[in-house]
Amino acid sequence: MLFVGKMSLSKDLVLLMLQFCAEENLKRTAHMLEQETGYFFDLEYFEELILHGNWEEAEEYLSSFTLVEDNKYSTKIYFEIRKQKFLEALDKRESAAALDILVKDLKVFEQSNKELYKEMTQLLTMPNFREHSELTSYGDTLTVRRSIINEMRAVIQANPILHGKTNFPPINKSRLRRLINQSLNWQHKHCAHPHPQPHIDTLFTDHKCPGPDNIMQQNQLENEISLVTMSTELSASPLTGTTPAVKPLNEVMSPTDSSSTCRQDSANDVDKDEILATIEGRELLQTSPCVSGDSSSGYLTESFRKLSVNQMPVLPLQTVVPARNAASEESLVMWQNISARGACPNNELTKMEMPQISKVVEVSRCEYVILPSLVQTNTIRRLLYSHSGNGVVALAEDGTHLLWKWEKNDDNINGEASTKSTPALYQPKRGLLMINDTPPRNSSLDDQLLFVPSTLTLSKNDAYVISSSGAVISLYNAISFKELRSVMRPPPAATCIVFYPPDNNVIAIGRHDASILIFNIRTDELISKLKGHSKRVTGLAFSTTLNVLVSCAVDTEIIVWDSRTWEKKKSTVLQISGGLLGSAELSETSIELDKDHNHFLAVHDTQLAIYETLTLRRVKQWTIANFCTRISHATYSCDSEMIYAAMRDGIILVLDASDLSPRYEIDPSAYLPPRLRPCYVGVVDPVVIAAHPKKKNQFALGLSNGEVVVVEPVFPTQVKLAGLPSSL
């Protein structure tokens, strides 16, 4: 019998739960679990709290791991937090608050350094604390906070109490789901009457196939299951810079032949898996002797087949992960055709077979460039190309704007955004940053919102930026970064903003209270207030050719308004299957007009749909069904022929806009550099995607770690599919 340490496995289970929470974006749950168990100190989260001045939350999180008197390192961390809170109160001329902090929070440090405490007391009597000889170089609040973060990071890492808790262990993606899959496989293997296509309804009880008397009932259930395709996660070993030689192709016999046998490379091969069934769209793996390879090296050779009542023909596949040149942003790639992971759900308008998808397994002729930045931010929430195509502007969750511009040179004659040259992070000579106000934590606004709404729009001449991060709406000069105006302090907060194309002074503002304002920001004139939605507005799009405004809300309602009279013309709602309704309140719906404005793309985390703009007739729909993770964001290519969809597992799906069929699948390894490809993939994921306004094979991704990457996939000429050009 094998004995294992109970405490060790409990810790491992908690870490797997934290990984699961990260992959499912359950951030608050993860941080509560971190505090209750003390197994992992999320340094990035702690630094975000400091950067945003959330002092009480930072201390509460820290106190779950160490107290002020534990050791000199802990004392130093607490002192820096409370000292900065004290100085910021003085900077705001809040003398009473500063005195309260001095007496209640800083008093504990008096015994260890009475002179320092005395000097801090004297600061209360000074008209400007910067007059103190030690504080003459005290800069703006954000700069000082970042300086403190850098100082505290070294102290935290040196603190023996936090030793080993600040680095998350390397864990393969979705490890907890994998263990559940293996458990179900084992249970199914020991069923008295194992069914070839079992139906998994719950994890609350052990799996057990029905007896012979219930086989007919089981077969009826199978007729309702969407087609799923067997697939195996493949990844190169993270422990080596190169990968070993490829194993030879194994001979695999057709599963329709009852007498078929399989050759195996080695009796020691492990984890040869195939899809058993699906639970909530997740594939379950079943042990099979008909799959062989070396799982430790990331090389597998398999046959993929669809699981359905009727057997499907075998599609042979060989996957090769080539060696990578670490010094280059490019490496070789093998394109592969894989059978689709399921069939598009049928509806009254569209019935289609899923075509084959060509997948980018590694970086190769899929060129990318990480946009450089010395400005520390958090998750990128909004992302736009400049209308001229020579720049990218991003808005982070903390309200910080980042603007990159490409210069003309020999390699980039037009000066347009390109992966062949690295742009510069643009900042005016005065060193200003465009930073939006954000609502204070635990405010009444925070109680209304599950997250801080971020919205960003750029004037047609690229000269002005209008944005909001849950507080006031700010108008910036995009050249000088000067804030020209700020209007409409919440509540309600602005949730989306667009310029009215004929007049740069007029904007449409979608708000958290479900209203839409047509507003002249130059004259502060409210032109019209549109009421028709019942939930917060999440998307707006103007069509000057059709004289309409299209809006959408978090409850998936879409409304078309007359942009001359501002009257409501038509409305509809997205059709979401019953099994996916639970995410509606937590998912944003967004819309984007195609280049002719006759149709628009509606994006929800469960589906993509194309509608006629004037009639709101749905003409195409693609849902995640049972074979895909949820959608983070999606956009048309500049010519409206393709749709780039960023999935929450990091995959970029490329769909043909003519029939909404997936054509290509781009793995995260094709656009992330090695430093962002640890074992715990899922920590860095694409959040928002934007398409270049002139180059149809270029898009930009805003990542969850605050970085932006520009990607140019070059689709293989040998893969020719109907409705899609052979090269871009």
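See the structure above.
If you're wondering where the values come from, they're calculated on a predicted model, not measured in any experiment.

Rules and cut-offs
Residues numbered from 1 in each chain as written. Predicted model: local features only at pLDDT ≥ 70, side-chain atom pairs only at ≥ 80, totals over all residues. Heavy atoms only, no water. Pairing = 2+ DSSP bridges. Helix = DSSP H or I, 4+ residues; strand = E, 2+ residues; numbered from the N terminus. Expected span 1.5 Å × (residues − 1). Buried < 20%, exposed > 50% of the residue type's maximum accessible area, 1.4 Å probe, protein only.

Visitor: How do you make sense of the sheet that holds strand E14 (residues 424-425) when you look at a structure like this?
Guide: Within a sheet, adjacent strands bond to each other through the backbone by hydrogen bonds, running parallel or antiparallel. Read across the sheet, four strands follow the order E11-E12-E13-E14 without closing on themselves; strand pairing throughout is antiparallel. Either end of the sheet is taken by a strand with one partner, and the two such strands are strand E11 (380-385) and E14. Relative to E14, strand E13 (residues 401-405) runs antiparallel, the two being bridged by two bridges. Along E14, the bridge assignment pairs Trp-404 with Leu-425.

Visitor: What's the story with helix H5 (residues 72-91) in this structure? I'm lost.
Guide: Side chains that are three or four residues apart share a direction in an α-helix, a result of its 3.6 residues per turn. Over its 20 residues, H5 extends 28 Å from the first C-alpha to the last, a length consistent with the 28 Å expected when each residue adds 1.5 Å. Of all 20 residues that make up H5, 14 are buried, and the element is covered over most of its length. Directly beyond the C-terminal end of H5, a positive phi value near 65° is found at Arg-93.

Visitor: Help me out: how do you make sense of the pairing of strand E33 (residues 652-656) in this one?
Guide: Two faces make up the sheet, and in a regular strand the side chains alternate between them. For E33, a buried count of five out of five residues is recorded, marking the element as mostly surrounded by other parts of the structure. Burial of the side chains of E33 extends over both faces: Ile-652, Val-654 and Asp-656 are buried on one face and Leu-653 and Leu-655 on the other. Where strand E32 (residues 642-647) meets E33, five bridges bridge the pair, whose relative direction is antiparallel. By the bridge assignment for E33, Ala-646 is matched with Ile-652. Here E32 folds back onto E33 in antiparallel fashion, the turn holding four residues, of which Gly-650 has a positive phi close to 95°. In the sheet, E33 pairs with strand E34 (residues 661-666) via five bridges, with the strands oriented antiparallel. Across the sheet, Ile-652 pairs through a bridge with Ile-666, a residue of E34. Once E33 ends, the chain turns through four residues before running back antiparallel as E34, passing Leu-660 with a positive phi of about 55°.

Visitor: Explain unusual backbone geometry here, please?
Guide: What you tend to see is this: most non-glycine residues have negative phi, and most peptide bonds are trans. Going from Pro-490 to Pro-491, the amide bond is cis rather than trans, its omega being 0°. Turning to its location among the elements, Pro-491 is positioned in the loop between strand E18 (483-487) and strand E19 (494-500). Here Pro-491 and Pro-492 are connected by a cis peptide whose omega angle stands at -5°. With respect to the secondary-structure elements, Pro-492 resides in the loop between E18 and E19. One non-glycine residue with positive phi stands out, namely Ser-640, at about 65°. Along the chain, the position of Ser-640 falls in the loop between strand E31 (631-636) and E32. Judged by relative accessible area, Ser-640 falls into the buried class, the value being 16%.

Limitation: the analysis is restricted to geometry and does not speak to function.
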